[in-house]
Amino acid sequence: MLSAGLSCVNFNLRRASRAVTQFYDRELEKAGLTSQRFSLLHTLGATDGLGLAELADLLVLDRTTLIRNLTPLEELGYVADVPSENKRARKVILTQKGLEALRIAYPIWEEAQAAVTEAMGEDDLKRLLKRLNSIVRKRNFKEFSKSED
């Protein structure tokens, strides 16, 4: 049983994810954000706003989790709803206040990112990110191959 747990991809990815998340959360707390909220602000800051379905898909979150993470950002005035081309779909943007929060948090994130890069090594980190992005793109593991290494 123990060897199955130690070789389980899901177990090990989730464990590593929690460790990395806890590190970024501790650092970003200085800016009053969590890593999840920073990611939302950063993603919206790189766009002209996104529909909830598109944002959820991009972040690989279910809609309920996305809304639960957006609500405090809305209450802080960091994100706002805007009219969408599809009248039934909700679209959110980063506000000026959200942009300012992102400007404060970004240097803190850069320091955290530098620490992780140093700890992992730049080449290993690049390989890891490439592989993780491949997993997210494919999502159907029957199509997964090593050809993208």
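Before reading on, note that the structure itself is shown above.
To start, this report covers the structure provided alongside it. (Residues numbered from 1 in each chain as written. Predicted model: local features only at pLDDT ≥ 70, side-chain atom pairs only at ≥ 80, totals over all residues. Heavy atoms only, no water.)

1. Re the sheet that holds strand S1 (residues 50–51)
Consideration 1: Pairing in this open sheet of three strands is antiparallel, and the strands run S1-S3-S2 from one edge to the other. The sheet is open, and its two edges are formed by S1 and strand S2 (79–82), each paired on a single side.
Consideration 2: Here S1 pairs with strand S3 (residues 91–94) via two bridges, running antiparallel. Note on S3: the bridge partner recorded for Leu 50 is Val 92. (Pairing = 2+ DSSP bridges. Helix = DSSP H or I, 4+ residues; strand = E, 2+ residues; numbered from the N terminus.)

2. So, the pairing of S3
Consideration 1: Relative to S3, S2 runs antiparallel, the two being bridged by four bridges. When the bridges of S3 are listed, Val 79 appears paired with Leu 94.

3. Side note on the packing of aromatic side chains
Consideration 1: All chains considered together, the criterion is met by three aromatic pairs.
Consideration 2: Between the aromatic rings of Phe 23 and Tyr 24, the centroid separation amounts to 5.7 Å while the plane-to-plane angle is 80 degrees, which identifies the pairing as edge-to-face.
Consideration 3: Overall, Tyr 24 belongs to the buried group, its relative accessible area being 9%.
Consideration 4: Taken together, a centroid distance of 6.0 Å and an interplanar angle of 15 degrees make the contact between Phe 38 and Trp 109 stacked. Taken as a pair, Phe 38 in helix H3 (residues 35–45) and Trp 109 in helix H6 (residues 96–120) lie far apart in primary sequence, 71 residues in all.
Consideration 5: Judged by its relative accessible area of 5%, Phe 38 is buried.
Consideration 6: Three or more aromatic residues joined by ring pairs form one cluster here, namely Phe 38, Tyr 106 and Trp 109. (Phe/Tyr/Trp six-rings, centres within 6.5 Å; stacked < 30°, edge-to-face > 60°. Buried < 20%, exposed > 50% of the residue type's maximum accessible area, 1.4 Å probe, protein only.)

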